[in-house]
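Below are the chains, spelled out letter by letter.
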Amino acid sequence: MKKSVVLALLGLVASPAFTQSPDSLLIRRVYNEILSHGKSYDWLRQLTKGVGPRLAGSEGSKKAVDWAKKTMEAEGFDRVFLQDVKVPHWVRGAKEKATIRSSSQKIDVPIAALGGSVATPAQGITAGVIEVKNFPELRALGRDKVAGKIVFFNRPMDPTKLNTFEAYAGAVDQRAAGATEAAKLGAVGAIVRSMNPSLDDFPHTGGLRYGTGVALIPAAAISTNGAERLSALLRQNPALTFYFKQSCETLDDAASHNVVAEIKGSETPEQLIVVGGHLDSWDLAEGAHDDGAGCVQAIEVLRTLKALGIRPRHTIRAVLFANEENGLRGGVQYADLAKKNGEIHRYAIESDNGGFVPRGFGIVGTDAQVTALQRFAPLLAPYGLYEIGRGSGGADIGPLAPLGTVLIGYKPDSQRYFDYHHAANDNFEAVSERELKLGAASMTALVVLLDGMGQ
Ligand SMILES: [Zn+2]
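Residues numbered from 1 in each chain as written. Predicted model: local features only at pLDDT ≥ 70, side-chain atom pairs only at ≥ 80, totals over all residues. Heavy atoms only, no water.

A short note on the overall build of the protein
Check the secondary structure of the protein and you find 15 helices and 16 strands. Here the protein has a C-alpha radius of gyration of 24 Å; the compact-globule value for 455 residues is 23 Å, and the two agree. Along the first, second and third principal axes, the C-alpha set of the protein runs to 80 × 55 × 40 Å. Across the 455 residues of the protein, 58% fall into the buried class. (Helix = DSSP H or I, 4+ residues; strand = E, 2+ residues; numbered from the N terminus. Rg over C-alpha atoms; globule rule 2.2 N^0.38 Å. Buried < 20%, exposed > 50% of the residue type's maximum accessible area, 1.4 Å probe, protein only.)

Below, the structure written as structure tokens:
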């Protein structure tokens, strides 16, 4: 055997096509820079440990805007600016209380008010409980059985779905609309099993939507262990009662901002490629996976281009959106301004699926646009990015769709995301430095390819 063949078989010589591609060389440089000198993990520490929870309208949310602006300015990007956004201002108030009362037993269970919920009366609510798995089952029970009761929605996320976002989508109607469906039949409260595929003691909050013309009843998430306990006790004693108390309220809208940084394009500066995440988080934790990770990865994309001395052809923007969690006002405002200013947004990439190990990108666009992006697959596969195809873009970039923007969602592995999502354990410690940086490198690599920087 020839020496070159032996070396090739040993993997010591890469194929000529791979080594000679300017794109592949540039992507290698991107990964080297981020994995050796990346700042995303340090920034995440600052945003989570230094700023902390940052729900729209909160003090934390103001601090986060200041932190993001200063951090971007310190990197010396071409332009850093704020966009004004009016956001809803909901506050949780005192920590909630919940107790199952069955015969002589009193069992406390962990709950958290759903975002946007009304409070209970000051003394709390005590009522019998009706457990259901879905809305048709609830409606079949009818007003006779439901009026005056607390409706307990207890349909778990489907464990057979390999992508946990699909399981989430199949269960989250209970959280979003459970209170309204229960109120239509005269219920006095709604308790919803947490959107969490695992069994633990963390209640997972999240937004609800009240329907118009229906009584507003208080609603809370119960931890998955709490839900199992309540369900088991109901089987033993259907006449048990449930007590819960929460003091949340909705205040007047507050002033907030999208935080934006950009590097000007050298050839077509009027055409934009956006990378982003949302700066707000739920109030129960530091918002590390959701979505501190996406924010610091977006800033890292710009930092890396600058560190490598790359001048992009298009203008590259990092956008940290306000208020994704309970209003989406930041994303809507961003798209409104883009339209008003006649900006051409070619591509928008959002990272809002956690800081986990990379898997690929989900694309929202025409068949031709999806196919065009799939031509990058061989360049991205060596970095573990195998899933390049149709998917969901991201909530904040969604409003750009009518402008013809191709929407791209960064897809990390989904298996552990909902263990942390909207719960008190979504903290800095839950994020792997390595995985976070690989995510930032994945996004930067795609930006480099979309821009044509390596050509
Ligand atoms: Zn999010």
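On we go from here.
Concerning the confidence of the model for the protein
Overall, the prediction assigns the protein a mean pLDDT of 95, with 95% of residues at 70 or greater. In the model, residues 1-14 has pLDDT below 50 throughout and makes 6 contacts with residues more than four positions away in sequence or in other chains. (pLDDT = per-residue confidence, 0-100. Contact = heavy atoms within 4.5 Å.)

Details of the pattern of salt bridges
For the structure shown, the criterion picks out 27 salt bridges. Note that glutamate 262 and arginine 317 form a salt bridge whose closest N and O atoms lie 2.7 Å from each other. Of this pair, glutamate 262 sits in strand β10 (residues 249-263) while arginine 317 sits in strand β12 (residues 314-321), and the two are 55 residues apart along the sequence. Overall, arginine 317 belongs to the buried group, its relative accessible area being 3%. Across the pair lysine 411 and glutamate 387 runs a salt bridge, and its minimum N-O distance is 2.8 Å. With lysine 411 in strand β16 (residues 406-412) and glutamate 387 in strand β15 (residues 387-390), this residue pair connects regions lying 24 residues apart in the sequence. (Salt bridge = Lys/Arg side-chain N within 4 Å of Asp/Glu carboxyl O.)

What to know about the coordination of the zinc ion
All of the protein donors around the zinc ion are His278 (NE2), Asp290 (OD), Asp352 (OD) and Asp352 (OD); their distances to the metal are 1.9 to 2.7 Å. Within one chain, the residues serving as donors to the zinc ion are arranged as H-x11-D-x61-D. Placement of the pair is aspartate 290 in helix α10 (residues 288-307) and aspartate 352 in the loop between β13 (344-350) and β14 (358-364), with a sequence separation of 62 residues. (Donors = N, O, S within 2.8 Å, 3.2 Å for Na, K, Ca; no water.)

Observations concerning the sheet that holds strand β8 (residues 219-222)
Spatially, the 8 strands line up as an open sheet ordered β3-β2-β9-β5-β6-β7-β8-β4, and their pairing is mixed. Only two strands of the sheet have a single partner each, and these edge strands are β3 (105-108) and β4 (111-113). Going from strand to strand, the sheet's axes swing by 30° on average, the running direction of each strand aside. As defined by bridge partners, strand β5 (residues 125-132) adjoins strand β9 (residues 241-245) across 4 bridges and the pair is classed as antiparallel. By the bridge assignment, threonine 126 is partnered in β9 with tyrosine 243. (Pairing = 2+ DSSP bridges. Axes fitted to C-alpha atoms, helices over the stretch in contact; angles between N-to-C directions.)

Concerning the packing of aromatic side chains
Aromatic rings in a pair are described by how distant their centres are and how their planes are angled relative to each other. Overall, the coordinates contain 13 aromatic pairs when judged by the stated rule. Measuring from ring centre to ring centre gives 6.1 Å for phenylalanine 242 and phenylalanine 244, while their planes differ by 50°; the resulting arrangement is tilted. Per residue, the accessibility class of phenylalanine 242 equals that of phenylalanine 244, and both read buried. Aromatic side chains phenylalanine 361 and tyrosine 410 sit 6.0 Å apart centroid to centroid with 55° between the ring planes, which places their arrangement in the tilted category. One end of the pair, phenylalanine 361, is in strand β14; the other, tyrosine 410, is in strand β16, with 49 residues separating them in the sequence. Assigned by exposure class, phenylalanine 361 and tyrosine 410 land together as buried. Aromatic ring contacts, followed pair by pair, group Phe165, Tyr168, Phe356, Tyr417, Phe418 and Tyr420 into a single cluster. For arginine 79, the ring lying beneath its charged end belongs to phenylalanine 81, and the centroid distance is 3.9 Å. (Phe/Tyr/Trp six-rings, centres within 6.5 Å; stacked < 30°, edge-to-face > 60°. Lys NZ or Arg CZ within 6 Å of the ring centre and 35° of its normal.)

Remarks on the sheet that holds β12
In space, the 8 strands of this open sheet follow the order β1-β10-β12-β11-β13-β16-β14-β15, with mixed pairing throughout. The open sheet has two edge strands with one neighbour each: β1 (79-91) and β15. Mean inter-strand twist for the sheet, computed between neighbouring axes without regard to direction, equals 20°. Where β14 lies against β15, 4 bridges are found, and the strand directions are parallel. Paired with glycine 360 across the bridge in β15 is glutamate 387. Where helix α11 (residues 329-340) meets the sheet, its contacts fall on β1, β10, β11 (268-278), β12 and β13, and the angle it forms with β1 comes to roughly 140°. Contacts from helix α15 (residues 433-451) reach β11, β12, β13, β14 and β16 within the one sheet, and its direction differs from that of β14 by about 45°.

Notes on the side chain of arginine 303
Following the sequence through the fold, arginine 303 ends up in helix α10. What arginine 303 contacts, discounting residues up to four positions off in sequence, is Glu33, His37, Gly38, Lys39, Trp43, Glu75 and Phe77.

Comments concerning the packing of helix α4 (residues 40-51) against helix α5 (residues 59-74)
Direction vectors running N to C along α4 and α5 enclose 155°, while the axes themselves pass 10 Å from each other. For the element pair α4 / α5, the angle class is roughly antiparallel. Helix-helix and strand crossings are classified by hand; for α4 and α5 the assignment is right-handed. Mapping the contact onto sequence places Trp43, Gln46, Leu47 and Val51 in α4 and Gly60, Lys63, Ala64, Trp67 and Thr71 in α5. Looking at the contact of α4 with α5, its residues break down into 5 nonpolar, 3 polar and 1 charged. (Parallel < 35°, antiparallel > 145°, perpendicular 65-115°, else oblique. Left-handed = near helix turned anticlockwise from the far one by under 90°. Nonpolar A, V, L, I, M, F, W, Y, C, P; charged D, E, K, R; others polar.)

Quick notes on α5
The end-to-end C-alpha distance of α5, which contains 16 residues, comes to 23 Å, matching closely the 22 Å that a straight helix rising 1.5 Å per residue would cover. Regarding α5, the residues found buried are Gly60, Ser61, Ala64, Val65, Trp67, Ala68, Thr71 and Met72. Down the axis of α5, the buried set is contained in an arc of 165°. They therefore lie on one face. Residues of α5 that are exposed and point over 90 degrees away from its buried face: Glu59, Lys70 and Ala74. Its buried side turned inward, α5 meets α4, β1, β10, α10 and β12. Directly after α5, the chain includes glycine 76, whose backbone phi takes a positive value near 70°. (Expected span 1.5 Å × (residues − 1). Arc of directions from axis to C-beta.)

Structural notes on the packing of α4 against α15
Where α4 meets α15, the closest approach of the two axes is 9 Å, and the angle between their N-to-C directions is 110°. With respect to α15, the element α4 is oriented roughly perpendicular. Between α4, through Ser40, Tyr41 and Leu44, and α15, the contact on the second element is made entirely by Glu433, Leu436 and Lys437. Residues belonging to the contact of α4 with α15 are distributed by class as follows: 3 nonpolar, 1 polar and 2 charged.

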